[in-house]
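# Inside the fold
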Amino acid sequence: MPTSLNDFKDNFLGGGTRQNRFKIIGGFPSGGDNPNSTNTNNLISEFHVRSTLIPTLQTSTIAYDYFGRKLYYPGEKLYSTWSASILDDTGSGDLWKSFQRWHNYINNHVSNNTKYINGANYKVNWTIQHLDLNGAVQKTFFLNGLWPRTINEMSFNSSRPNVLNTFNVVFVYDTVAISGITNNVND
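Residues numbered from 1 in each chain as written. Predicted model: local features only at pLDDT ≥ 70, side-chain atom pairs only at ≥ 80, totals over all residues. Heavy atoms only, no water.

So, about the packing of aromatic side chains. As enumerated under the stated definition, the model contains 15 aromatic pairs in all. Between Tyr66 and Phe67 the ring centres are 4.7 Å apart and the planes differ by 90°, which places this aromatic pair in the edge-to-face class. Take Tyr66: its relative accessible area is 48%, and that puts it in the partly exposed class. Classification of Phe67 by relative accessible area gives exposed; the value is 71%. A ring pair is formed by Phe99 and Trp126, whose centres lie 6.2 Å apart and whose planes are at 75°; its orientation type is edge-to-face. With Phe99 in helix α2 (residues 95-106) and Trp126 in strand β7 (residues 124-131), this pair connects stretches of sequence that are 27 residues apart. As far as burial versus exposure is concerned, Phe99 and Trp126 are alike and both buried. Within the aromatic cluster, the residues linked to one another by ring pairs are Phe28, Trp82, Phe99, Trp102, Trp126, Phe167 and Phe171. (Phe/Tyr/Trp six-rings, centres within 6.5 Å; stacked < 30°, edge-to-face > 60°. Buried < 20%, exposed > 50% of the residue type's maximum accessible area, 1.4 Å probe, protein only. Helix = DSSP H or I, 4+ residues; strand = E, 2+ residues; numbered from the N terminus.)

A cluster of nonpolar side chains, contributed by Ile62, Tyr64, Tyr66, Phe67, Leu71 and Tyr73, occupies part of the molecular surface with about 660 Å² of accessible area. Elements with a contribution of two residues or more to the nonpolar patch: β4 (57-66) and β5 (69-79). Looking at which element gives the most residues to the nonpolar patch, the answer is β4, with three residues. Positionally, Leu71 belongs in strand β5. Taking the relative accessible area as the measure of exposure, Leu71 reaches 33% and is therefore partly exposed. (Patch = residues over 30% accessible without salt bridge, like charges linked within 9 Å, V, L, I, M, F, W, Y side chains within 5 Å. Areas by Shrake-Rupley, 256 points an atom, 1.4 Å probe, with all protein chains shown as cover. Salt bridge = Lys/Arg side-chain N within 4 Å of Asp/Glu carboxyl O.)

A few words on the nonpolar core. By size, the foremost hydrophobic cluster in this structure holds 26 residues, and its most contacted members are Trp82, Phe99, Trp102, Trp126 and Leu146. The set of elements that each furnish at least two residues to this core consists of β6 (82-87), α2, β7, β8 (137-154), β9 (166-172) and β10 (175-178). (Core = buried A, V, L, I, M, F, W, Y, C linked by side-chain atoms within 4.5 Å.)

We now examine the pairing of β5. Pairing analysis gives nine bridges linking β4 to β5, with the strands arranged antiparallel. If you follow Tyr64 over to β5, its bridge partner there is Leu71. Remark: two residues form the turn of the hairpin made by β4 and β5, two consecutive strands paired antiparallel; Phe67 in that turn has positive phi of roughly 50°. (Pairing = 2+ DSSP bridges.)

The next point concerns α2. Its twelve residues place the ends of α2 17 Å apart at the C-alpha level, agreeing with the 16 Å of an ideal helix rising 1.5 Å per residue. Of all the positions in α2, only Leu95, Ser98, Phe99, Trp102, Asn104, Tyr105 and Ile106 are classed as buried. (Expected span 1.5 Å × (residues − 1).)

This part takes up the side chain of Gln129. Summarising the element assignment, Gln129 is placed in strand β7. The class of Gln129 is buried, set by a relative accessible area of 13%. Ignoring sequence-local partners within four residues, the contact set of Gln129 consists of Arg21, Phe22, Lys23, Ile25, Val137, Lys139 and Thr140. (Contact = heavy atoms within 4.5 Å.)

Turning our eyes to something else, we now look at the environment of Lys70. Among the secondary structure elements, Lys70 is positioned in strand β5. For Lys70, the contacting residues outside a window of four places in its chain are Ala63, Tyr64 and Asp65.

Take the environment of Gln138 next. Inspection of the secondary structure assignment puts Gln138 in strand β8. Each C-alpha atom, one on Gln138 and one on Phe22, is 9.5 Å from the other, the two residues being 116 residues apart in sequence. Residues within four places of Gln138 in sequence aside, it is in contact with His130, Leu131 and Asp132.

Quick look at the confidence of the model for the protein chain now. Taken residue by residue, the protein chain gives an average pLDDT of 78. The fraction at 70 or more is 74%. Ranking the helices and strands of the protein chain by mean pLDDT puts β9 first, with 91, and strand β2 (residues 43-44) last, with 53. Here residues 32-41 is a poorly scored stretch, pLDDT under 50, and it has 17 contacts once near neighbours within four places are set aside; other chains count. (pLDDT = per-residue confidence, 0-100.)

Structure (structure tokens):
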């Protein structure tokens, strides 16, 4: 147990990780005559995200009765939704419009049809990188088969003139991989 501040700092190698050091790398799907498809790799290098959480990963439990007791075995892997609070930044391609287009192409507001047909995919793969104090990547999370389930409201308030506007997007995804922990081609 450290007895001084210097002992604590010496034992706390590297100073620990910070919540505010992260970036999200991803893009929007091409195909389905999506206007975002003019970008050949559909990549936006970094999103201006105010906050997010690493999604909860859990394994369901299967219980069996055995001589008056329960035996528990691991079941299916369960992935919760993932949400991000995104800055309404019109300078990097207008992210709010890009999310609205993506959502509209999945299921059109008026016609109730999808633009993603004939093999065009509405899912993409995104990466969340947790950074150290110098910007080096500490942990990488790969969200595979991601698409926006919900684009939440955007608030307008004239009494708060010095606050950047944000909107939340709730995503679903097929799988998650963690660099150095799970089997992933990107490990």
